[in-house]
Every structure is written in structure tokens, then in C-alpha cells.
Amino acid sequence: MENAICEYYSNVSAKPVEWLWYPYIPFGKLTVIQGDPGEGKSTFVLNLVSLLTNGQMMPDGYKLSGPGIAIYQCAEDGMADTIKPRLVQAGANCKRVAYIIDNDIALTLEDGRIDSAIQETGANMLIIDPIQAFIPPDADMLSATKMRSVLRKLAATAEKHRCAVILIGHMNKGSGAKNLYRGLGSIDIAAIARSVLMISRDENRPDIRYMYPIKSSLAPEGAAIAFSFNDHGGLEWQGRYALNTAALIDTVTVKTSKREKARAKMIQLLEQGDKPAKEIYAGLADIGVGSRTVEKVKKELQIKTYRSGSCWYWRIPKAEE
């Protein structure tokens, strides 16, 4: 049939998900690693780069197929005085770690140089650190519409090249909701990512950090991975750790502002479908948020409204809007 707009799944060849590190980091997909500042996100990832570029086993014993190539793009640290020394300290094979030259024009998440760089190097892993520094100038991290478009393009690039794309994200100031909603920016960042990993420290043992999944769309959630830092700042893997991650995910550890509470709650209410406006106001009133703050957050999230019968409904905008 010419100009058909539909196709049948009978014509689709099923294939298994491939993994850089099962069940945490899939090939060809977006993975988010987030945590509060100073928890060791970048150091954690640079040590993964070391394991990949040397073809060593992952911290839990998962065996790689062989040495791989990584692209590490960092906007916050100097290449010569910070990144290179950290790579050397981690033991990475720097001949297998590349970066995208962006001296004249700042790199963004929708930049065509990302596709070209992965093609040129044959990279197995691309790391963007932090995601906040690579947002296009015409985008807003709170804009669900724009961020969905940008990340879908990046996800398509990841799939095209079978490259594991890791986005490192700082957390916002508060909690007040699940950690999945504490990443800065639109919830679409976490929604499009197939895996979201959290890094936090043990309150009873401050020298120990944990990496654990808070979203795992393609596999059962893996165990927490523990690591620590030695006296010289080097990372030491502690391996799998029996941890009640469900309790950690729902724990409120920092006081949050009313607007952050409202934003997290509004997303929580609307992510499962459209809701009457009165239900939104009532749900936020239950956590002590007034109508003025609700209206401000509604504008930030670009919530759409429509009338059905005698009731006004709110919904999260779709990508094409």
C-alpha cells in the first residue's frame, strides 16, 4: 500500500536488549546518573570508563566483551588539570577516551557533532557531564515539550550507533517526593531514559557511597553497588551491597521549598493521565501549597488545559505541541 501511515508488528523482527552493564546501563539507550553535589558522580563514571577501556569486569563481576571506547564530555572541569589526572588516577586507557572539540561553538544535546563523534570513534559509551550544561540555548529544562524533542533525537543517535549514552545530572535542593522527581528539569528527562541510577552516601558511614536504580525499564532492578574513596581520593569498589533502596528512594532528607513540592506533586498527579483542575488544587492543598504557587508551577511546566462538560482538565503537553 502506497503512502501507508501504519505498519504491523508482524513485520518487526524482535531482538533482545544489549547491555554495557546488566541491568544498569543498556546499549543504544539513555541512562541518567544523578545525585546531590559532592557525592562522587563524576568519579564513579570515570572509573566505569577505566573498566570499559581496559576491558575489565564491572564492579559486580559482570564481564565485558572486551576493551571499549568512551567519549567523556565535561563542561565543569579543565581537561588538563582535572579530567586527565582523574582518568590517570582511575587507571583509564586514555588512548581509548575521546572528547568532542567545542572550542568555538558550545556543544549541545542536539548537536550533530555527537552523531559524528560516535561514528568517527566507534564509541561504546558517551558521557555528558552534567546534562544541565549542554541544554540548547532555545530550550528550558523545565519545558516538557522541548526537552522531549531534544532527548528523543539523542536517544535515536544512541540507538543508531548502539552506544550507551549516560547523562549525569545534579539534584535539586529538596526532596518532598521520590528521588526520580528531584533531578533538575523536566520529568521527561527521566521519562525518556530507560535507566535512572542514583548515587548517595550512607548517613551512618559517610565514607561509603551507593549506586542504585530508581528506574529500570528494561530489566529487573539490580542490587546497590557500594564504593568508597581512599586517602588519595581514589575510588575503591566494594561490590554489591544489600540495601533497602525502596526506603532510600522515598526518604525525605532535605527540606524543600513549596514550589519544589508543588512541582513534584503536580507531575506525580498528571503523569498517569489528565486530571480535573479541582483535583490538582486539592492534591496540592493537602501538602500545604496554595493556589498562587500552583499557578506559577503550572506555567513553569507548561501544563495544558481544556474543558470537558462542566469541568476544566489539566494535562502534560505532548511532544508535538
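Residues numbered from 1 in each chain as written. Predicted model: local features only at pLDDT ≥ 70, side-chain atom pairs only at ≥ 80, totals over all residues. Heavy atoms only, no water.

## Brief notes about the overall build of the protein chain
When helices and strands are tallied, the protein chain shows nine helices and 14 strands. Relative to its full complement of 321 residues, the protein chain shows a buried share of 48%. Counted over contacts in the protein chain with a minimum sequence separation of 6, partners at least 24 positions apart contribute 65%. Carbon together with sulfur atoms contributes 49% to the accessible area of the protein chain, which is approximately 16500 Å² in total. (Helix = DSSP H or I, 4+ residues; strand = E, 2+ residues; numbered from the N terminus. Buried < 20%, exposed > 50% of the residue type's maximum accessible area, 1.4 Å probe, protein only. Contact = heavy atoms within 4.5 Å. Areas by Shrake-Rupley, 256 points an atom, 1.4 Å probe, with all protein chains shown as cover.)

## A short note on the pattern of salt bridges
In the structure shown here, the tally under the stated rule is six salt bridges. Of the charged contacts, one joins Arg-201 and Glu-39 as a salt bridge, the two residues approaching to 2.7 Å between their closest N and O atoms. Highlighted residues: Arg-201 in strand E8 (residues 195–201) and Glu-39 in the loop between strand E3 (30–35) and helix H1 (41–54), separated in sequence by 162 residues. Overall, Glu-39 belongs to the buried group, its relative accessible area being 9%. (Salt bridge = Lys/Arg side-chain N within 4 Å of Asp/Glu carboxyl O.)

## Comments concerning the packing of aromatic side chains
Enumeration over the complete set of coordinates arrives at nine aromatic pairs. A ring pair is formed by Tyr-210 and Tyr-241, whose centres lie 5.0 Å apart and whose planes are at 40°; its orientation type is tilted. Pair noted here: Tyr-210 is in strand E9 (residues 208–216) and Tyr-241 is in strand E11 (residues 235–241), with a separation of 31 residues, a long-range link. You can call Tyr-210 buried: its relative accessible area is 2%. Since its relative accessible area comes to 32%, Tyr-241 is described here as partly exposed. Its guanidinium or amino end placed over the ring of Phe-27, Arg-162 lies 4.0 Å from that ring's centre, counting from NZ or CZ. (Phe/Tyr/Trp six-rings, centres within 6.5 Å; stacked < 30°, edge-to-face > 60°. Lys NZ or Arg CZ within 6 Å of the ring centre and 35° of its normal.)

## What about the sheet that holds strand E13 (residues 304–308)?
As summarised here, the arrangement of the three strands in space is E12-E14-E13, forming an open sheet in which the pairing is antiparallel. Of all the strands in the sheet, the pair left with one neighbour each is strand E12 (275–276) and E13. Relative to strand E14 (residues 311–315), E12 is paired through two bridges, and the arrangement is antiparallel. Note on E14: the bridge partner recorded for Pro-276 is Tyr-313. (Pairing = 2+ DSSP bridges.)

## Here's the deal with helix H8 (residues 277–285)
Every buried residue of H8 is accounted for by Ala-277, Ile-280, Gly-283 and Leu-284. End-on view of H8: buried residues confined to an arc of 125°, all on one side of the axis. (Arc of directions from axis to C-beta.)

## Some details on the sheet that holds strand E6 (residues 125–129)
Pairing within the open sheet is mixed, and its nine strands lie in the order E5-E4-E6-E7-E3-E8-E9-E10-E11. Of all strands in the sheet, those with a lone pairing partner are strand E5 (97–98) and E11, marking the two edges. As paired elements, E3 and strand E7 (residues 164–170) share six bridges and run parallel to each other. For Ile-33, the partnering residue across the bridge sits in E7 and is Ile-168. Of the strands in this sheet, strand E4 (70–74), E5 and E6 touch helix H3 (residues 112–121), which is tilted by about 145° from E4. (Axes fitted to C-alpha atoms, helices over the stretch in contact; angles between N-to-C directions.)

## Here's the deal with the pairing of strand E10 (residues 224–229)
Within E10, five of the six residues are buried, which leaves the element mostly enclosed by the surrounding structure. Two elements, E9 and E10, share four bridges in a ladder whose sense is antiparallel. Across the sheet, residue Tyr-210 finds its bridge partner in E10, namely Ala-226.

## Re the packing of H1 against helix H2 (residues 79–90)
Contact geometry of H1 with H2 gives a least axis separation of 9 Å together with a crossing angle of 55°. Taken together, H1 and H2 sit at an angle that is classed as oblique. Classified by chirality, the crossing of H2 by H1 is right-handed. Residues Ser-42, Leu-46, Asn-47, Val-49 and Ser-50 of H1 pack against Arg-86, Leu-87 and Ala-90 of H2. By residue class, the composition of the contact of H1 with H2 is four nonpolar, three polar and one charged. (Parallel < 35°, antiparallel > 145°, perpendicular 65-115°, else oblique. Left-handed = near helix turned anticlockwise from the far one by under 90°. Nonpolar A, V, L, I, M, F, W, Y, C, P; charged D, E, K, R; others polar.)

## Details of the environment of Lys-304
Take Lys-304: it is sitting in strand E13. Sequence spacing of Lys-304 and Trp-314 is 10 residues, and the spatial spacing of their C-alpha atoms is 5.7 Å.

## Concerning the nonpolar core
Leu-30, Leu-109, Leu-126, Leu-151, Leu-154 and Leu-167 are the most contacted members of the largest nonpolar core, which has 37 residues in total. At five residues, the largest contribution of residues to this core is made by helix H4 (residues 144–161). For Leu-167, the residues in contact, after removing those within four places along its chain, are Leu-30, Thr-31, Val-32, Ile-33, Leu-109, Ile-128, Ile-131, Leu-151 and Leu-154. The next biggest cluster of nonpolar side chains, apart from the first, holds 33 residues, and it includes Met-58, Ala-70, Ala-164 and Met-211. (Core = buried A, V, L, I, M, F, W, Y, C linked by side-chain atoms within 4.5 Å.)

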